[in-house]
Amino acid sequence: MLSKETGDVYSTNEPQLAFNSRIAFCLNMHNEAVRALRFPPNAHKKERESAEKRRERQQQEQELAKHIAEEDDDEF
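Residues numbered from 1 in each chain as written. Predicted model: local features only at pLDDT ≥ 70, side-chain atom pairs only at ≥ 80, totals over all residues. Heavy atoms only, no water.

J.: So what exactly am I meant to see when it comes to the overall build of the protein here?
T.: Helices and strands together make up the secondary structure of the protein, namely two helices and zero strands. Taken over 76 residues, the protein has a buried fraction of 0%. Put simply, the protein shows about 8200 Å² of open surface, and 53% of that area lies on carbon and sulfur atoms. (Helix = DSSP H or I, 4+ residues; strand = E, 2+ residues; numbered from the N terminus. Buried < 20%, exposed > 50% of the residue type's maximum accessible area, 1.4 Å probe, protein only. Areas by Shrake-Rupley, 256 points an atom, 1.4 Å probe, with all protein chains shown as cover.)

Next up, the structure:
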């Protein structure tokens, strides 16, 4: 039985074409994913806290911290 000698596969353009098609697929998938992540402009920004609301919140936090500190002192 005689077999045909196999040629060098890498001497052809076939591996290069297969590699290019894989890269094209990956780039296309990446581009579609990036397009899917588009959000309305400034959607990530929350409403800014006004100065008055900020002062009220900080005052409440300070009162709570004092209250917790007093409770800790009472326990010892």
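We are not done yet, so read on.
J.: Whenever I open this one, a negative patch on the surface confuses me. Can you help?
T.: Together, Glu70, Glu71, Asp72 and Asp73 give the surface a local cluster of negative charge. With respect to the secondary-structure elements, aspartate 73 resides in helix H2 (residues 51–75). Take aspartate 73: its relative accessible area is 57%, and that puts it in the exposed class. (Patch = residues over 30% accessible without salt bridge, like charges linked within 9 Å, V, L, I, M, F, W, Y side chains within 5 Å. Salt bridge = Lys/Arg side-chain N within 4 Å of Asp/Glu carboxyl O. Lys, Arg positive; Asp, Glu negative; His and termini not counted. Charge placed at Lys NZ, Arg CZ, Asp CG, Glu CD.)

J.: Is there a simple way to explain the pattern of salt bridges in this structure?
T.: Two side chains carrying opposite charge are able to pair once their charged atoms lie near each other. Taken as a whole, this structure holds one salt bridge when the rule is applied. Here arginine 57 and glutamate 61 are joined by a salt bridge, their closest N and O atoms 3.1 Å apart. Here glutamate 61 and arginine 57 lie together in helix H2, a separation of four residues that amounts to about one turn. Given the relative accessible area of 33%, arginine 57 is considered partly exposed. Classification of glutamate 61 as partly exposed rests on a relative accessible area of 43%.

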